[in-house]
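Chain residues, written in single-letter form:
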Amino acid sequence: MKEFFRLLKREFKLFIGNSTLRTVFFLAPVFYATLLGFVYKSGKVENTPVLVVDRDNTPLSNQLTEMLDDNKSIKIIRYLQEPLSIKDEVIRHEAAAVVIIPSRFEGDMLQKKYPELNVYINTGNVLTANFASKALQLTIGTFSAGASIKALQKAGMPAAKAATQYEPFKANYITLFNTTGNYLIFMWPAMLAVVLQQVILLAMAVSFAAEFERGSFVKEYLKMKKWAFPTMLIKVIPIWVFSILIVGIYYFMHMIFHVPMPEGIFNFILLTAVFVGSVSFLGVFISILIPDALKATQILMVIASPAFIISGFTWPLSAMPAFVQFIANIIPLTPFLQAFKILLIQKGSVELTFPYLKHLSVLLVVYAIIGWIALKIKLWFIFKKSASQEIALENTSQEDVE
């Protein structure tokens, strides 16, 4: 036990004394949390440019343009004459959509000929396209309904009846979960989890590999050569302790950016603890398997880099091929984000997160076991080789004396 605490103290000193690890583990999460917080601070995309080509230029077309301009989500750039190339104008103004009001728009409406508006959506950026499309549908739909009701009223129909004639039934659309469509609440906390996984893997990449490279492992861990699991704990405990600090900083930044905390805070703490544990044991396994610190870092970054994309957070896992789903399910970030979404965005019951907590627990146990097996084998080879070298040196010394 005394040797365990000596080596644990040494590990803390090595961690704090390594400037690269200090920068990556402490500064990177704070930097990314602040940067991403300000990126998504507005929560919504507003004043998205939309081109309106008004071929009619009449009071009714002007009214439609003004209504579109009153929508805060979009900013209207009006053309009374059609440009030579609409596509070039879209690119020049980074417009999300183009609304083309046809000639004789007002005349056809007054004569009940039902003119058609052409709306072109720029899906070069799906996010802004969705925001612009939603805003245009709402405004154009409101204008169309208002125009139809006015026409019926002019024909002598009472306003209440005119409304029912235009809209024979009502459809109420009620949004669930993140009702304001706030992108800060949706993306920012998830990206913090990505950063946390990234820095843990980076720190663990050099834990064993660096010791093997510089040859200090045999000397320092001689008395621990039969104790593989305690040796693993010596490497991961500093990561666990400093991860608590990072999560605390994240909590503080949630308050700064006014992002709500997840439901069931104790369950969230347990979920985070299992997530940190599984990620750190994954890092331990790779670090033992790859004795070169640089290669271990590269491999872990290959694992971590696509983790968010294939996690199912923004694109459903069911829509991915089976082999991609398999890769996603062996990365701890995937079940963590699924449970995190339930607690933070959907405000669901804690019981709904249990399958994902179980998934994470299985990953933790599996990575701990295979890490322990890999280290056990590694210790046997290292100390066997060291013993052989010592015997060879002793024989050489005896021969020299003789």
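What counts and how
- Think of each chain on its own: its residues are numbered from 1, step by step along the sequence as written.
- Where local features are concerned, this predicted model is filtered to residues with pLDDT of at least 70; where side-chain atom pairs are given and counted, the filter is 80 or more; whole-chain, interface and lining totals use all residues.
- Excluded from the side-chain calculations are hydrogens and water; all other atoms, namely the structure's heavy atoms, are used.
- Comment: elements are numbered from the N terminus, with helices defined as DSSP H or I runs of at least four residues and strands as E runs of at least two.
- By definition, residues are in contact when any of their heavy atoms lie within 4.5 Å.
- Per-residue and other accessible areas follow the Shrake-Rupley method at a 1.4 Å probe size, with only the shown protein chains counted as cover for residues.
- Stacked, tilted and edge-to-face are the three classes assigned to paired rings of Phe, Tyr and Trp, where Trp is represented by its six-membered ring and a pair needs centres within 6.5 Å; plane angles under 30 degrees give stacked, over 60 edge-to-face, the rest tilted.
- Summary of the burial criterion: residues with accessible area below 20% of their type's maximum are buried, those above 50% are exposed, and those between are partly exposed, where the area comes from a 1.4 Å probe applied to protein chains only.
- UniProt positions are given in the numbering used here, feature names are shortened, and annotations may be inferred rather than shown by experiment.
- A pairing counts as a salt bridge when a side-chain nitrogen of Lys or Arg comes within 4 Å of a carboxyl oxygen of Asp or Glu.
- What counts as an axis is a line fitted to C-alpha atoms, over the stretch in contact for a helix, and the angles between N-to-C directions run from 0 to 180 degrees.
- In this scheme, roughly parallel covers angles under 35 degrees and roughly antiparallel covers those over 145, while 65 to 115 is roughly perpendicular and the rest are oblique.
- All residues other than Ala, Val, Leu, Ile, Met, Phe, Trp, Tyr, Cys, Pro, Asp, Glu, Lys and Arg, Gly among them, are scored as polar; the first ten of these are nonpolar and the last four charged.
- By nonpolar core we mean a set of buried residues, namely Ala, Val, Leu, Ile, Met, Phe, Trp, Tyr and Cys, connected to one another through side-chain atoms within 4.5 Å.
- Distance thresholds for patches are 9 Å for like charges and 5 Å for nonpolar side chains (Val, Leu, Ile, Met, Phe, Trp, Tyr), applied to residues having over 30% relative accessible area and no salt bridge.
- For a crossing to be left-handed, the near helix must be turned anticlockwise from the far one by less than a right angle; the clockwise case is right-handed.
- If DSSP finds at least two bridges between two strands, the strands pair.

**Q** Before we move on, could you go through the overall build of the chain and cite the residues and values that matter?
**A** Each helix and strand in the chain was counted, giving 16 helices and four strands. Nonlocal contacts in the chain, meaning residues at least 24 apart in sequence, comprise 78% of its contacts between residues at least 6 apart. Accessible surface computed for the chain: about 22600 Å², of which carbon and sulfur atoms make up 64%.

**Q** Describe the packing of aromatic side chains, naming the residues involved and giving the relevant values.
**A** Counted by the stated rule, this structure contains 10 aromatic pairs. For the pair Trp240 and Phe281, a centre-to-centre distance of 5.9 Å together with 85° between the ring planes defines the contact as edge-to-face. Here the residue Trp240 occupies a position in helix α11 (residues 228-256), and Phe281 occupies one in helix α12 (residues 265-289), the gap between them amounting to 41 residues. In this structure Trp240 comes out as partly exposed when scored by relative accessible area, which is 27%.

**Q** Kindly report on the side chain of Lys341, identifying the contributing residues and their values.
**A** Along the chain, Lys341 falls in helix α15 (residues 333-344). Beyond its immediate sequence surroundings of up to four residues, Lys341 is in contact with Gly312, Phe313 and Gln346.

**Q** If you had to explain the UniProt feature "transmembrane region" (unreviewed entry) in the chain to someone new, which residues and values would you point to?
**A** With numbering matched to this structure, UniProt assigns "transmembrane region" (unreviewed entry) to residues 21-40, 185-212, 233-253, 265-290, 299-317, 323-344 and 356-375. With 96% helix and 0% strand, the stretch residues 185-212 has end C-alpha atoms that lie 43 Å from each other. For residues 233-253, the end-to-end C-alpha separation is 30 Å, with 100% helix and 0% strand making up the annotated structure.

**Q** Quick rundown of the pattern of salt bridges? Include the residues and the values.
**A** Applying the stated criterion to the full structure yields three salt bridges. Note that Glu82 is salt-bridged to Arg55, the shortest N-O span being 2.6 Å. Placement of Glu82 in the loop between β2 (74-79) and α4 (86-93) and of Arg55 in the loop between β1 (48-54) and α3 (59-70) is noted, with a sequence separation of 27 residues between them. Classification of Arg55 as partly exposed rests on a relative accessible area of 41%.

**Q** I'd love a proper account of the packing of helix α9 (residues 207-214) against α11, names of residues and values included.
**A** Packing of α9 against α11 leaves a shortest axis separation of 10 Å and a crossing angle of 110°. As summarised for this structure, α9 and α11 are arranged roughly perpendicular, according to the angle between their axes. Facing Ser207, Phe208 and Glu211 of α9, the residues of α11 in contact are Thr231, Met232 and Lys235. Taken together, the residues that form the contact of α9 with α11 break down as two nonpolar, two polar and two charged.

**Q** Can you explain the nonpolar core? Please cite residues and give values.
**A** Within the largest apolar cluster, 79 residues are counted, with the highest numbers of intra-cluster contacts made by Phe25, Trp188, Phe308, Leu333, Phe336 and Leu337. Among the elements that make up this core, the one with the highest residue count is helix α8 (residues 183-205) (16 residues). The contacts of Phe308, once residues within four sequence positions are left out, are Met187, Ala190, Met191, Val194, Phe313, Thr314, Leu333 and Leu337. In this structure, Leu64, Leu68, Ile101 and Phe143 belong to the second largest nonpolar core, which totals 17 residues.

**Q** How would you summarise a nonpolar patch on the surface if you had to cite specific residues and measurements?
**A** A cluster of nonpolar side chains, namely Phe229, Val365, Ile369, Trp372, Ile373, Ile377, Trp380 and Phe381, defines an oily patch on the protein surface of about 770 Å² accessible area. When you line up the elements, Val365 lands in helix α16 (residues 354-401).

**Q** Which residues make up the packing of α9 against α12, and what values go with them?
**A** At their nearest, the axes of α9 and α12 sit 7 Å apart, and the two run at 25° to each other. Classified by the angle between their axes, α9 and α12 sit roughly parallel to one another. When you trace α9 past α12, the crossing you get is right-handed. Touching Ser207, Phe208, Ala209 and Phe212 of α9 are Val284, Ser287 and Ile288, all from α12. Of the residues in the contact of α9 with α12, the class split is five nonpolar, two polar and no charged.

**Q** Report on the sheet that holds β1, specifying residues and quantitative values.
**A** Pairing is mixed across the open sheet formed by four strands, whose spatial order is β2-β1-β3-β4. Each having just a single partner strand, β2 and β4 (118-121) make up the two edges of the open sheet. Here the strands of the sheet are splayed against their neighbours by 20° on average, with no regard to which way each runs. Inspection of the sheet shows strand β3 (residues 97-101) paired to β4 by four bridges, in the antiparallel sense. Its bridge partner being in β4, Val99 is matched across the sheet by Val119. Contacting β1, β2 and β3, α3 runs over the sheet at an angle of about 150° to β2. Sitting on the sheet, α4 is in contact with β1, β2 and β3, with an inclination near 150° to β1.

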